[in-house]
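Residue-level structure breakdown
Each chain, letter by letter, is given below.
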Amino acid sequence: MAIPTETVYGLAANALDLNAVINVFETKKRPRFNPLILHIKNIDEINKYCKNVPDIVFEIAKKYSPGPITFLLEKKDIIDDIITAGSSLVAIRIPNHKLTLELLNILDFPLVAPSANPFGYISPTSAKHVLDNLNGEIDYILDGGSSEVGIESTIIGFETIDNLDKIIIYRKGSFDIEKLKEFSNLIEFKSISKDDSTDIKDLDSPGRLKAHYSPNTKCILGDINDNYKKAIEQNPKIKIAILSFDKSYELNNNIISNKVLSLNSNLTEAAKNLFSYLRELEDENADLILLERVPDTSIGEAINDRLERAAAKYV
Ligand code: TXA
Ligand code: MG
């Protein structure tokens, strides 16, 4: 079944039932080397599924969970290697959505839930998006309305060096990493140079594969006016859709659609709209979607990351 979360909808299954877990990989057409996030109901559950959990995890979780933050921790044996794609670490989070928390509270098992989109496609932020992609393949969608945040969780891991906790950001997401500075001075991004790899040994967080979040229409990221001029020079009849940050574009013979992420330049609003607008523009059947970066601060970094991936397939 699909479940709503504050970030994106998830394709959920009983994490303690291997057949159910395998079903998730198959429904999503997701390669087995790409592990799944475990969704739990509260902080107390962390020690049920993870071991040697550093104190800093509880400090962060107490303040910011439920919320869009995923912890990469040492797994206990109860978590099967299939979930973690053979890694000794499991990704774990407490989603901040009323319905899904209610559901987790009545279940006596945790749920694995990757985003409920076919592998490599745009993440779903509404029940309709899930239905559009997985109709006939899943038996149930728990409709919890539009995802409040709209971008996947931030994934963080930990290393202890000389008794100091280092926080490692594996995936930029909707949790503002500035807030982590209160917990550690040592914050590091894992290099993205491995992103093209399809080998799990090279892949610390495969959600960072380059051509993720790709719509089926060709996307170009950059200055919209420049790219617009270039495109019509090459093909005067080209049909263009535009996803802009805060400016609107008048429609003409070439520009058949324009979606503005946030007319008042609000990054939180832009994040919430990003995936649904990308889907709507794809439905316009344009030849090209022009994208532009948003300011690279707080959640803007995660938005830009998704925009780059949407365009990466077509570079
Ligand atoms: O906001 C979210 O995190 C959403 C909602 C549904 O919770 N979930 C989500 O799951 O984005 P997914 O599977 O689409 O992306 C999670 C990524 C995986 O692609 C994988 O790269 C990484 O998390 N991941 C999961 N388990 C991991 C592990 N054990 N080691 C390294 N990376 C892991
Ligand atoms: Mg995903």
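Small disclaimer: the values here were computed from a predicted structure and weren't measured. (Residues numbered from 1 in each chain as written. Chains lettered and ligands numbered in written order. Predicted model: local features only at pLDDT ≥ 70, side-chain atom pairs only at ≥ 80, totals over all residues. Heavy atoms only, no water.)

With respect to the overall build of the protein
Inclusion rule: Strands here mean DSSP runs of E at least two residues long; helices mean DSSP runs of H or I at least four residues long; both are numbered from the N terminus. Throughout, the radius of gyration refers to the C-alpha atoms, and the reference size of a globule is 2.2 Å times the residue count to the power 0.38. The rule is simple: take the accessible area with a 1.4 Å probe, protein chains only, and divide by the maximum for that residue type; under 20% is buried, over 50% is exposed, in between is partly exposed. Residues are treated as being in contact if the distance between any of their heavy atoms lies within 4.5 Å.
A tally of regular secondary structure across the protein gives nine helices and 14 strands. Computed over the C-alpha atoms, the radius of gyration of the protein is 20 Å, within 12% of the 20 Å expected from 2.2 N^0.38 for a compact globule of 315 residues. Dimensions of the protein, computed from C-alpha atoms along their principal axes, come out at roughly 60 × 45 × 35 Å. The burial tally for the protein puts 56% of its 315 residues in the buried class. Pairs at least 24 apart in sequence give 63% of the contacts found in the protein among residues at least 6 apart.

Some points on the sheet that holds strand E8 (residues 154-161)
What counts here: Two strands pair under a simple rule: DSSP has to find at least two bridges between them.
Ordered by their spatial adjacency, eight strands build an open sheet running E3-E7-E4-E6-E5-E8-E9-E10, and the pairing between neighbours is mixed. Each end of this open sheet is capped by a strand with a single partner; those strands are strand E3 (13-14) and strand E10 (186-189). Note that E8 and strand E9 (residues 164-171) share seven bridges and pair antiparallel. Across the sheet, the residue bridging to isoleucine 156 is isoleucine 169, located in E9.

Concerning the pairing of strand E14 (residues 288-291)
Side chains Leu288 and Leu290 of E14 all project onto a buried face; the interleaved residues Ile289 and Leu291 project onto the opposite face, where all are buried too. Bridge count for strand E11 (residues 219-221) against E14 is three bridges, and the pairing is parallel. Within E14, the residue paired with cysteine 219 across the bridge is isoleucine 289. As judged from the four bridges shared by strand E12 (residues 240-244) and E14, these two strands associate in the parallel manner. Bridge pairing in E14 links isoleucine 240 to leucine 288.

Side note on the packing of helix H8 (residues 267-283) against helix H9 (residues 299-312)
Definition in use: Geometry is summarised by axes, namely lines fitted to C-alpha atoms with helices restricted to the contacting stretch, and by angles between N-to-C directions that run from 0 to 180 degrees. Here the word oblique covers every angle except those under 35 degrees (roughly parallel), over 145 (roughly antiparallel) and from 65 to 115 (roughly perpendicular). Note on convention: near helix rotated counterclockwise from far helix by under a right angle means a left-handed crossing. Clockwise means right-handed. Gly is put with the polar residues, along with every residue not named as nonpolar or charged; the nonpolar set is Ala, Val, Leu, Ile, Met, Phe, Trp, Tyr, Cys and Pro, and the charged set is Asp, Glu, Lys and Arg.
Running from N to C, H8 and H9 cross one another at 20 degrees; their axes reach a closest spacing of 9 Å. If you check the angle between H8 and H9, you find them roughly parallel. Of the two elements, H8 crosses H9, and the hand of that crossing is left-handed. Of H9, the residues touching H8 (which contributes Leu267, Thr268, Ala270, Ala271, Leu274, Phe275 and Leu278) are Ile299, Gly300, Ile303, Arg306, Leu307 and Ala310. When grouped by side-chain class, the residues that make up the contact of H8 with H9 number ten nonpolar, two polar and one charged.

Examining the packing of aromatic side chains
Quick reminder of the rule: When the centres of two rings from Phe, Tyr and Trp lie within 6.5 Å, Trp using its six-membered ring, the rings pair. Their planes under 30 degrees apart give stacked, over 60 give edge-to-face, and anything left gives tilted.
Taken as a whole, this structure holds three aromatic pairs when the rule is applied. Summarising the aromatic geometry, the rings of tyrosine 64 and phenylalanine 175 are spaced 4.9 Å apart at their centres and angled 70 degrees between planes, so their arrangement reads as edge-to-face. On the criterion of sequence distance, the pair formed by tyrosine 64 in helix H3 (residues 55-64) and phenylalanine 175 in the loop between E9 and E10 is long-range, its members being 111 residues apart. Of the residues examined, tyrosine 64 reaches a relative accessible area of 17% and is grouped as buried. Consider the rings of phenylalanine 71 and phenylalanine 158, whose centres lie 6.3 Å apart with planes at 20 degrees: the pair is stacked. One end of the pair, phenylalanine 71, is in strand E5 (residues 69-74); the other, phenylalanine 158, is in strand E8, with 87 residues separating them in the sequence. Members of the aromatic cluster, each reached through a chain of ring pairs, are Tyr64, Phe175 and Phe183.

Some points on the environment of serine 87
Tracing the sequence through the fold places serine 87 in the loop between helix H4 (81-84) and strand E6 (89-93). A residue is classified by how much of its surface remains accessible, and serine 87, at 27% relative accessible area, is partly exposed. In the structure, serine 87 is positioned 13 residues away from glutamate 74 in sequence and 9.0 Å away in space, judged by C-alpha atoms. Residues contacting serine 87, with those up to four places away along its chain left out, are Lys75 and Asp81.

Structural measurements only, silent on function.
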